[in-house]
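# Close look at the chain arrangement
Okay, here's what each chain looks like letter by letter:
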Amino acid sequence: MAGSRGVGGVGGVWGRSGPNVRLRPPGGGPEWDCPPEAVRPASPGVVLRARVTEINREGQLPR
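All of the points below concern the structure found in this document.

So, how was this worked out
- Residues numbered from 1 in each chain as written.
- Predicted model: local features only at pLDDT ≥ 70, side-chain atom pairs only at ≥ 80, totals over all residues.
- Heavy atoms only, no water.
- Buried < 20%, exposed > 50% of the residue type's maximum accessible area, 1.4 Å probe, protein only.
- Helix = DSSP H or I, 4+ residues; strand = E, 2+ residues; numbered from the N terminus.
- Pairing = 2+ DSSP bridges.
- Salt bridge = Lys/Arg side-chain N within 4 Å of Asp/Glu carboxyl O.
- Contact = heavy atoms within 4.5 Å.

What follows covers the pairing of strand E3 (residues 20–24). Of the two faces of E3, only the one carrying Val21 and Leu23 is buried; Asn20, Arg22 and Arg24 on the other face are not. Inspection of the sheet shows strand E2 (residues 10–17) paired to E3 by 5 bridges, in the antiparallel sense. Bridge pairing links Gly15 to Arg22 in E3. As judged from the 3 bridges shared by E3 and strand E4 (residues 32–34), these two strands associate in the antiparallel manner. The residue of E4 that forms the bridge with Arg22 is Asp33.

Next up, the structure:
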């Protein structure tokens, strides 16, 4: 997990898009590009919250 300064989002690193790093939020959603200098490792608390979000979404029953 990584955070992006300026955007304030947290997501998993999914690769690169040109010069930028591509991030995706926990549990899915739209990806976004972030300049490499704005990406930083997420704190342990943020990683834990993100993982709980992913697990909760995986466990939801279809509607």
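Bringing the pattern of salt bridges into the picture now. The final tally for this structure, using the stated rule, is 3 salt bridges. Taking the shortest distance from any N to any O, the salt bridge between Arg22 and Glu31 comes out at 3.0 Å. A salt bridge links Asp33 to Arg22, with the nearest nitrogen and oxygen atoms 2.3 Å apart. Here Arg22 lies in strand E3 and Asp33 lies in strand E4, a separation of 11 residues in the sequence.

On to the environment of Val21, then. Among the structural elements, Val21 can be located in strand E3. For Val21, a relative accessible area of 9% puts it in the buried group. Once the C-alpha coordinates of Val21 and Trp32 are considered, the two residues, 11 residues apart in sequence, prove to be 8.3 Å apart. When near neighbours in sequence (up to four residues on either side) are disregarded, Val21 contacts Val13, Gly15, Arg16, Trp32, Asp33, Cys34, Pro36 and Val39.

As far as function goes, none of this settles anything; it's purely spatial.
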